[in-house]
Amino acid sequence: MNHQGVSEIFFEETYCVSPEQTARALFSRLPHGSDYAERLIECLATGYLVAVVESICIREMQQHVDAATEVVVGRTIQLEHKGPIPPGSSLKLRGWVERMGERSATFCVQASDDHEVVCESSVTLVAVQRASMESRIAAKVGALVVSPAGDFVGGARGRCAARVLTSSNQEPETS
């Protein structure tokens, strides 16, 4: 990672919000959200706002790493979604590197529409060795168990267990 180059990152750009990025559109595609998606508002989903902010920061940092041996990944995102952003709105995003670590950079990003500041965020990205990350992913993929129907059913490691709350004053039990 080129520390000098990363430390000098500053961006200012405009992003147009797509109708496919609203809370209603996003949640209608999720199995647990489809029942109530129609009751949501037609504004940019917070999840998409996170993705827009993170993707711009990653794009900027990738210009200062060796793509053959390093990959930029997200570590921490703190984001305050401060106002509604309807589809068709133009967002003005401004960001800069606020802090540097040995392999990381923390960006400060602010987004505004024509009326107000709609987002303030802090994004920490890390430049990791590509081979190491690919190896970790391969190990996890290899541990997945797939049913004959092609569904993931959990493996010997880290199976997701249902949590049942037995009463309000007790810890959840794993079933």
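Above: the structure in question.
All figures in this text were calculated on a predicted structure; none of them were measured in a lab. (Residues numbered from 1 in each chain as written. Predicted model: local features only at pLDDT ≥ 70, side-chain atom pairs only at ≥ 80, totals over all residues. Heavy atoms only, no water.)

### Section: the sheet that holds strand 2 (residues 70–81)
Remark on secondary structure: sheet strands pair via backbone hydrogen bonds, oriented parallel or antiparallel. Strand order in the open sheet formed by five strands is 1-3-4-5-2, and the pairing between neighbours is antiparallel. Of all the strands in the sheet, the pair left with one neighbour each is strand 1 (10–16) and strand 2. Each adjacent strand pair in this sheet contributes to an overall mean axis angle of 25°, direction not counted. Lying over the sheet, helix 4 (residues 130–143) contacts strand 2 and strand 5 (117–129), oriented at roughly 95° with respect to strand 5. (Pairing = 2+ DSSP bridges. Helix = DSSP H or I, 4+ residues; strand = E, 2+ residues; numbered from the N terminus. Axes fitted to C-alpha atoms, helices over the stretch in contact; angles between N-to-C directions. Contact = heavy atoms within 4.5 Å.)

### Concerning the pairing of strand 4 (residues 104–112)
Where burial is concerned, most of strand 4 is hidden: eight out of the nine residues are buried. With eight bridges joining them, strand 3 (residues 90–100) and strand 4 adopt antiparallel strand pairing. Note on strand 4: the bridge partner recorded for Trp96 is Cys108. Connecting strand 3 to the next strand, strand 4, in antiparallel fashion are three residues. Inspection of the sheet shows strand 4 paired to strand 5 by nine bridges, in the antiparallel sense. Looking at the pairing, Ala111 lines up with Cys119 of strand 5. Here strand 4 folds back onto strand 5 in antiparallel fashion, the turn holding four residues. (Buried < 20%, exposed > 50% of the residue type's maximum accessible area, 1.4 Å probe, protein only.)

Everything listed is a geometric property; what it means functionally is a separate question.
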